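# Reading the structure
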Amino acid sequence: MLIILGISMLKRKEININRFQPGYDYNTEAEYKKHEKIAGKAELPLWKTLVMILCGGVTTSIVAYTIIGKWWVSVIAFITGFTIPKIWYEWHLKSQAKLVSSQMEQAVEIMAAVLNSSGSIITALEKAGNEVGNPVKREIMKTASEIRLGKSTTDAFTDLAKRIKIPEMLILSMGVDLQNKGMAINLPSMLLQVQRNIRYRQLFEQDINTITAENKMSAFIVAAVPFVVIALMRQIAPDFISPLFETTAGLTVFVICTLAIFAGIYWILNMIEAIKN
C-alpha cells in the first residue's frame, strides 16, 4: 500500500525545470501556471464553460422565440449554447498565437544581438527571456535551463518549436541542428531572417484581415436581414407571416432557407481562412 501511495504521489509531483535556473523567482510560480492555461495547456474552467453555455443558450433561445414565436423552437435553440465555449476557446487560442508571434519577433532579435556580441546561446536565451513577457518568456527560460542541465541544443530547440507552434520556430530548430552537425550556419543571421519572416507574415495577415473584413461583415449582415425582417413582420403583421410557421410547407421553406443561409456563411468563412493560409 505504501509503495502504491508513493508511486501515485510521484506521478502527481510537478517538477519545474526553471527552478534550477540561477536567480529563479519562486513568487512567479503562480504566474507561470496561469500563462500555461492561457497558452492552451489546460482546459477551459468548468464554471466559465457553464456560464458561457447558459448565456449562449439563453441568447439563442430569445432570438429564436422573437423570430419564430414557438417555445419548442426556443428549447431546441438553447442546445446551441453548448457550442459557445468551443467557439470562444478557438478564438482565444488564435489571439494567443498572435501574441506569441509578436513576442518571438522581439526575442529572436535580442538573441541575434547577443550572439553577434560573442555571447553564448544560453546567455542569448536568458537575455531574451528577461526582455519579453509571458508566455514566451516562460518557454525561453525553460529552454535555457534545459541546456544548462546538459540537454543538447538541438533537442532543446526542437522541444521549444513543439511548444511554440509557429512556422519560423521549426526553421530555427533545423538551423541549430545543422550547426551542431558541423555545417557552417551563421546563427545570428538566421535569427534575423526568422525575425523578418515573422514580421512579413504578421504584415501579410494584417493586410488579409483588412481586405476580408468587409466581406465578412457583408456576409453577416446579409444573413441577418431575413431574420430581422421576419421578427419585425411578426410584430407588425402577424397574420401575414403566420403561414410561414403554422403550415408544414411554410416550416419546410423556412428550414431550407435557414440551412442555405448558414451554409453560405460557412462557405464564405472557409474561403477567407483558405486565403489567409
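## Points about the packing of helix H3 (residues 46–68) against helix H4 (residues 71–78)
The description of two helices packed together rests on the angle between their axes and the distance between the axes. Running from amino to carboxyl end, H3 crosses H4 at an angle of 150°, the nearest separation of the two axes being 7 Å. Classed by the angle they form, the pair H3 and H4 counts as roughly antiparallel. In this structure, H3 meets H4 at a crossing whose hand is right-handed. Residues Leu54, Gly57, Val58, Thr60, Ser61, Ala64, Tyr65 and Ile68 of H3 pack against Trp71, Val73, Ser74, Ala77 and Phe78 of H4. Looking at side-chain class alone, the contact of H3 with H4 contains nine nonpolar, four polar and no charged residues.

## Remarks on the environment of Val222
Here Val222 shows up in helix H10 (residues 187–236). In this structure the C-alpha to C-alpha distance between Val222 and Ile265, which are 43 residues apart in sequence, comes to 9.5 Å.

## Notes on unusual backbone geometry
Across the chain, the bulk of peptide bonds are trans and the bulk of non-glycine residues have phi less than zero. That bond from Asn134 to Pro135 is cis: its omega, 10°, falls within 30 degrees of zero. The phi torsion at Ser118 lies on the positive side, around 70°, for a residue other than glycine. Inspection of the secondary structure puts Ser118 in the loop between helix H5 (84–116) and helix H6 (121–131).

## What to know about the confidence of the model for the protein
When pLDDT is averaged along the protein, the result is 77, and 83% of the positions lie at 70 or above. For the stretch residues 9–24, pLDDT sits under 50, and the model shows 23 contacts to residues farther than four places along the chain or on other chains.

## Digging into a nonpolar patch on the surface
Side chains of Trp72, Ile76, Ile79 and Phe82 sit close together on the surface and give an oily, nonpolar patch of about 470 Å² of accessible area. With respect to the element layout, Phe82 can be found in the loop between H4 and H5.

## Some remarks on the nonpolar core
Counting 33 residues, the largest nonpolar core has Met104, Phe157 and Leu172 as the members making the most contacts within it. Of all the secondary-structure elements, those providing two or more residues to this core are H5, H6, helix H7 (136–148), helix H8 (153–163), helix H9 (167–180) and H10. Sort the elements by how many residues they give to this core and H5 lands first, with nine residues. If we skip the residues at most four places from it in the chain, Phe157 touches Met111, Ile121, Leu125, Ile147, Leu172, Ser173 and Val176. The next biggest cluster of nonpolar side chains, apart from the first, holds eleven residues, and it includes Ile68, Ile230, Ile241 and Phe245.

## What about the packing of aromatic side chains?
Going through the model one piece at a time under the given rule, you end up with three aromatic pairs. When the centroid spacing of 6.3 Å and the interplanar angle of 90° are considered together, the rings of Phe227 and Phe254 count as edge-to-face. Here Phe227 is found in helix H10, whereas its partner Phe254 is found in helix H13 (residues 248–276), with 27 residues between them in sequence. Judged by its relative accessible area of 16%, Phe227 falls in the buried class. With a centroid separation of 5.1 Å and 70° between ring planes, the pair formed by Phe245 and Phe254 is classed as edge-to-face. With respect to class, Phe245 is no different from Phe254; both count as buried.

Rules used in this analysis
- Residue numbering note: each chain is counted from 1, following its sequence as written.
- Only residues with pLDDT of at least 70 are given local features in this predicted model, and only at 80 or more are side-chain atom pairs given and counted; all residues enter the totals for whole chains, interfaces and linings.
- Each side-chain value is derived from all of the structure's non-hydrogen atoms; neither hydrogens nor water enter the calculation.
- Angular values range over 0 to 180 degrees, each being the angle between N-to-C directions of two axes fitted as lines to C-alpha atoms, with helices fitted over their stretch in contact.
- Going along the chain from the N terminus, every DSSP run of H or I of four or more residues is numbered as a helix, and every run of E of two or more is numbered as a strand.
- Roughly parallel here means an angle under 35 degrees, roughly antiparallel means over 145, roughly perpendicular means 65 to 115, and every remaining angle is called oblique.
- A crossing counts as left-handed when the near helix is turned anticlockwise from the far one by less than a right angle, and as right-handed when that turn is clockwise.
- Note on contacts: a residue pair is in contact if any heavy atoms of the two residues lie within 4.5 Å.
- Polar here means any residue outside two lists: the nonpolar Ala, Val, Leu, Ile, Met, Phe, Trp, Tyr, Cys and Pro, and the charged Asp, Glu, Lys and Arg; Gly therefore counts as polar.
- Think of pLDDT as the predictor's per-residue confidence, scored from 0 to 100.
- Surface patches are drawn from residues lacking salt bridges whose relative accessible area is over 30%; two like charges belong together within 9 Å, two nonpolar side chains (Val, Leu, Ile, Met, Phe, Trp, Tyr) within 5 Å.
- In short, Shrake-Rupley with a 1.4 Å probe defines the accessible areas, and a residue's cover is counted only from the protein chains shown.
- The working definition used for a salt bridge is a side-chain nitrogen of Lys or Arg within 4 Å of a carboxyl oxygen of Asp or Glu.
- Throughout this description, the term nonpolar core refers to a set of buried Ala, Val, Leu, Ile, Met, Phe, Trp, Tyr and Cys residues connected via side-chain atoms within 4.5 Å.
- Residue exposure (1.4 Å probe, protein chains only): buried if accessible area is under 20% of the type maximum, exposed if over 50%, otherwise partly exposed.
- For Phe, Tyr and Trp, rings pair up if their centres lie within 6.5 Å, where Trp contributes its six-membered ring, and each pair is then called stacked (planes under 30 degrees apart), edge-to-face (over 60) or tilted (otherwise).

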